[in-house]
Amino acid sequence: MAHDHKHDDKKHGHHHYVLPNSLAFKVFGALIFLTIITVWTAHFDFGAFNFPLAMFIATIKALLVCMIFMNLKNDVKENSVIFFTSFLFLAIFIVLTGSDIFFRGDVYVKGPLVAGASKSKFKKPWVSTAELVAHGKELFGQQCTSCHGAEGLGNGPAAAALVPPPRNFAQNAGWKNGYKPSQIFKTLKEGIKGSSMASFATLPAEDRWALAHYVVSINPAHAKDTTSDLAAVGVDPSKDGMGGESSSPTIPVSVAMAKLAVADINVAVASSVAKNPDAPVGSGAAYYQSKCVGCHGVSGEGALVRNMGVSPKAYLKTGSLSGVPFDRFKSVVTKGLPGDVMPGYGNLSNAQLQDLYNYVKSAR
Amino acid sequence: MSDAHHGHVVEHPGSKPHVVAHHFNDADHEFDASKQGMWVFMVTEVLMLGGLFVAYAIFRGLYPEMFKAAHAYLSVKMGATNTVVLLTSSLTMAMAVSATQRGERNKALGLLAATVALAGVFLVVKYFEYSHKIHSGLLPGGLFGTEQNAELIKNFPKAPLFFSLYFMMTGIHGLHVVIGMGLILWIMKRTSAKEFGPHFYTPVELVGFYWHFVDLVWIYLFPLLYLVG
């Protein structure tokens, strides 16, 4: 196979671009200039624009190197496609990982927490039966022991951090709504304002009745409901049903998964409350260890609150807090969240709050 | 000149002839294929470093204040010096390639030697930076000197993470610098042996790509690590 070399050489000349030194120096000058700009602009605070600006300048520099020094400009288009595709994949890699990590906490639990059978097993759940009490006991172990303790004596692992403390069900004094089943049912529906006793309205009504009967069983001296007590919570004792409440709630996937992980969570709860890294006294870390760790976990993983079926904002570890400005933090921590489990700690000074804020942000 | 068994031979007066590998149609085919192979290799480099850049993005997003506080322990002066050193070495490398293309062998050798020397300067600066970090206990993860840096660790318990990223990213980059120096020395040896000229300079150009890539990575590492705003 004979080859015409002249032809080859012509092709050579066409393909093989030689970078003129003058252009090389110009590009070098531009690169040095841009480096100076980057260092110089770093002295100013452009807030949220700092980072994009630095990356923008770096990208111009990178393009100059690629296009001129590596001569991608005169190269076949294929090579540009090959090379720049890698950055596309890098972007996908970063964006998808980021969207998971930073927004995981924003998956709010909407709707009831527990999947109920579409039809209630219990025709008149306000009438206590051994079966209902047993069911209530089981639910209590999952939802309430973290605050009220295994025997309902108000001495759960989170109790120490709570003001007011959780109710001791064996005592008759101090009840706000009252200790009749219907009154406990109401507590579970509405929560107790200004305390960490949250509403458990996301539980199906029959489960709330079961819980109420179990709580009553802890101190059998507690009174029975009268017809008017029942009427107060919308129950007509002569008819079957839930007293106007649906018992066929839906369950979001995330909650189903959380339920599956309950066993695992209980281990986490036990271990995270036990740990108490020696933090300097009076520091944000120490305060966190004494007041917040019970609910938010050692490093913000939401140890106990995960069991309470409340908003995933309690997972301080996820990005949900990264957007919480200090003002909001201050208001949440000093006043608590009304109608929610998050209690308020009004006695903190601004400096203490700032220290705590730094700690919480770093603990994530 | 062409031979069905051994492929083409390309020549330039005063240089050794280059025999085109037999599976290529001609010298251009060989050149283009080699170059494309190099671009594909650089894609794998981007994706390898990509893992670290993702880790960086995630942790910076989670601990913005910590990054700001920890980055203050790096020396912007040294980082900026090294940026200028690497950019200059990219210039000498690019000029070494074009000198080879023009058949100016001695000039090419001088420029390649300058590139290696600049790479050496980069590593010396890096050595000073590293030894300062090591003495101050600014080390990754469990190696971090908690007593030496009590104030930092008290306010930002996750600070060792920044230094894990710093050492991992600059360490892998530094490894590339060392490998690049080896490659340039190899190219210098072959240039002295008169293997390259206007007829054949593929290895010079491809080692040049590698070197520019090392520069490219640093262009991003510098603002990401030294200039956290």
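About the thresholds
- Residues numbered from 1 in each chain as written.
- Chains lettered and ligands numbered in written order.
- Predicted model: local features only at pLDDT ≥ 70, side-chain atom pairs only at ≥ 80, totals over all residues.
- Heavy atoms only, no water.
- Helix = DSSP H or I, 4+ residues; strand = E, 2+ residues; numbered from the N terminus.
- Buried < 20%, exposed > 50% of the residue type's maximum accessible area, 1.4 Å probe, protein only.
- Contact = heavy atoms within 4.5 Å.
- Areas by Shrake-Rupley, 256 points an atom, 1.4 Å probe, with all protein chains shown as cover.
- Buried area = accessible area lost by both parts, 1.4 Å probe.
- Salt bridge = Lys/Arg side-chain N within 4 Å of Asp/Glu carboxyl O.
- Polar contact = N/O pair within 3.5 Å; in protein donor to acceptor, adjacent residues only side chain to side chain.
- Nonpolar A, V, L, I, M, F, W, Y, C, P; charged D, E, K, R; others polar.
- Phe/Tyr/Trp six-rings, centres within 6.5 Å; stacked < 30°, edge-to-face > 60°.
- Disulfide = S-S within 2.5 Å.
- pLDDT = per-residue confidence, 0-100.
- Expected span 1.5 Å × (residues − 1).
- Bend = angle between axes of the 7 residues up to and from the residue.
- Axes fitted to C-alpha atoms, helices over the stretch in contact; angles between N-to-C directions.
- Parallel < 35°, antiparallel > 145°, perpendicular 65-115°, else oblique.
- Left-handed = near helix turned anticlockwise from the far one by under 90°.
- Core = buried A, V, L, I, M, F, W, Y, C linked by side-chain atoms within 4.5 Å.

### Points about the overall build of chain B
Then, number 1: Across its full length, chain B carries seven helices and two strands.
Then, number 2: In sequence order, chain B lays out its α and β elements as β-β-α-α-α-α-α-α-α.
Then, number 3: Here chain B, with 229 residues, has 57% of them falling under the buried criterion.
Then, number 4: Here the analysis covers contacts within chain B between residues at least 6 apart in sequence; of these, 73% occur between residues at least 24 apart.
Then, number 5: Accessible surface, chain B as shown: approximately 9000 Å² in total, 68% of it carbon and sulfur.

### Comments concerning the interface of chain B and chain A
Then, number 1: Across the boundary between the two partners, chain B contributes 62 residues, which contact 58 residues of chain A.
Then, number 2: When chain B packs against chain A, the two sides together hide about 5300 Å² of surface, and 70% of this comes from carbon and sulfur.
Then, number 3: On inspection of chain B and its partner chain A, the count reaches one salt bridge.
Then, number 4: A salt bridge links D75(A) to K35(B); the shortest N-O distance between them is 3.3 Å.
Then, number 5: At the boundary of chain B with chain A, the tally comes to eight residue pairs in polar contact (both at pLDDT 80 or more).
Then, number 6: In terms of residue count, the dominant contributor to the side of chain B that touches chain A is helix α1 (residues 27-62) of chain B (20 residues).
Then, number 7: Taken together, the residues that form the side of chain B that touches chain A break down as 35 nonpolar, 16 polar and eleven charged.

### Some words on the packing of aromatic side chains
Residues and elements named next belong to chain B.
Then, number 1: In total, this model carries 28 aromatic pairs over all chains according to the counting rule given.
Then, number 2: The interplanar angle of 90° and the centroid separation of 5.1 Å between the aromatic rings of F122 and W218 together place this pair among those described as edge-to-face. In this pair, F122 sits in helix α4 (residues 105-135) while W218 sits in helix α7 (residues 202-226), placing the two residues 96 residues apart along the sequence.
Then, number 3: By relative accessible area, F122 is classed as buried at 0%.
Then, number 4: We classify W218 as buried; its relative accessible area is 0%.

### Focus on the environment of A210(A)
Residues and elements named next belong to chain A.
Then, number 1: Its place among the elements puts A210 in helix α8 (residues 205-218).
Then, number 2: Taking relative accessible area as the criterion, A210 reaches 0% and is therefore assigned buried.
Then, number 3: For the pair formed by A210 and E138, sequence separation is 72 residues and the distance between their alpha carbons is 9.4 Å.
Then, number 4: If near-sequence neighbours (up to four positions away) are discounted, A210 is found in contact with L132, H135 and G136.

### Some details on the pattern of salt bridges
Residue and element names in this part refer to chain B.
Then, number 1: Summed over the entire model, instances satisfying the criterion amount to seven salt bridges over all chains.
Then, number 2: For the salt bridge of E104 with R102, the shortest nitrogen-to-oxygen distance reads 3.8 Å.
Then, number 3: Under the relative-accessibility criterion, E104 is labelled partly exposed at 31%.
Then, number 4: You can call R102 partly exposed: its relative accessible area is 34%.
Then, number 5: Counted as one network, the salt bridges with shared partners bring together R102, E104 and K107.

### Thoughts on the state of the cysteines
Residue and element names in this part refer to chain A.
Then, number 1: Summed over the entire model, instances satisfying the criterion amount to zero disulfides over all chains.
Then, number 2: Cysteine C144 is unpaired, with the sulfur of C147 as its nearest cysteine sulfur at 8.7 Å.
Then, number 3: You can call C144 buried: its relative accessible area is 12%.

### Examining the side chain of T115(B)
Residues and elements named next belong to chain B.
Then, number 1: With respect to the element layout, T115 can be found in helix α4.
Then, number 2: For T115, a relative accessible area of 0% gives the class buried.
Then, number 3: Sequence-distant contacts of T115, defined by excluding residues within four places in its chain, comprise S89, T92, M93, I184 and W211.

### Let's talk about the confidence of the model for chain A
Residue and element names in this part refer to chain A.
Then, number 1: On average, residues of chain A score 73 in pLDDT, and 66% of them reach the 70 mark or higher.
Then, number 2: Confidence, read as mean pLDDT per element, is least for helix α11 (residues 262-274) in chain A (41) and greatest for helix α2 (residues 21-41) (94).
Then, number 3: With pLDDT under 50 throughout, residues 1-14 is counted as low confidence; its partners more than four residues away or in other chains account for 16 contacts.
Then, number 4: The low-confidence segment residues 107-118 (pLDDT under 50) makes 32 contacts with residues lying over four places distant or belonging to another chain.

### Let's talk about α1(B)
Residue and element names in this part refer to chain B.
Then, number 1: For α1, built from 36 residues, the straight-helix expectation of 52 Å at 1.5 Å per residue is met to within 8% by its first-to-last C-alpha distance of 52 Å.
Then, number 2: Maximum bend of α1: about 30°, positioned at G50.
Then, number 3: Measuring from the side-chain oxygen of the N-cap residue of α1 to the backbone nitrogen of D28 gives 3.2 Å; that N-cap residue is D26.

### Focus: the packing of helix α7 (residues 181-190) of chain A against α8(A)
All names here are of chain A.
Then, number 1: At their nearest, the axes of α7 and α8 sit 8 Å apart, and the two run at 125° to each other. Taken together, the axes of α7 and α8 are oblique relative to one another. For the pair α7 and α8, the sense of crossing is right-handed. Note on element contacts: α8 touches α7 through A205, R208, W209, L211, A212, H213, V215 and V216, opposite P181, S182, I184, F185, L188 and K189.
Then, number 2: The residue inventory of the contact of α7 with α8, partitioned by class, reads ten nonpolar, two polar and two charged.

### Description of the environment of G208(B)
Then, number 1: Note on placement: G208(B) falls in helix α7.
Then, number 2: Distance from G208(B) to G180(B), taken between C-alpha atoms, is 9.0 Å for residues 28 residues apart in sequence.

### Thoughts on the packing of helix α3 (residues 50-69) of chain A against α7(B)
To characterise two packed helices, one gives the angle between the axes of the helices and the distance between these axes.
Then, number 1: Relative to each other, α3(A) and α7(B) sit at 170°, their axes nearing to 9 Å. For the element pair α3(A) / α7(B), the angle class is roughly antiparallel. Residue-level contacts link F51(A), A54(A), M55(A), A58(A), T59(A), K61(A), A62(A), V65(A), C66(A) and F69(A) of α3(A) to H212(B), D215(B), L216(B), I219(B), Y220(B), P223(B) and L224(B) of α7(B).
Then, number 2: For the contact of α3(A) with α7(B), a count of residues per class yields 13 nonpolar, two polar and two charged.

### Observations concerning the confidence of the model for chain B
Then, number 1: Residues with a pLDDT of 70 or more make up 97% of chain B, whose mean pLDDT is 91.
Then, number 2: What the predictor reports for the complex is a pTM of 0.60 with an ipTM of 0.90.

### Examining the nonpolar core
Inside soluble globular proteins, nonpolar side chains tend to come together where they are buried.
Then, number 1: With 95 residues, the main nonpolar core has F69(A), F83(A), F213(B) and L225(B) as its most contacted residues.
Then, number 2: At 18 residues, the largest contribution of residues to this core is made by α7(B).
Then, number 3: When residues no more than four places from it in sequence are discounted, the contact partners of F83(A) are C66(A), L72(A), W39(B), M42(B), V43(B), V46(B), F213(B) and L216(B).
Then, number 4: Judged by nonpolar contacts, the second largest core, of 15 residues, contains F169(A), L188(A), A212(A) and Y214(A).

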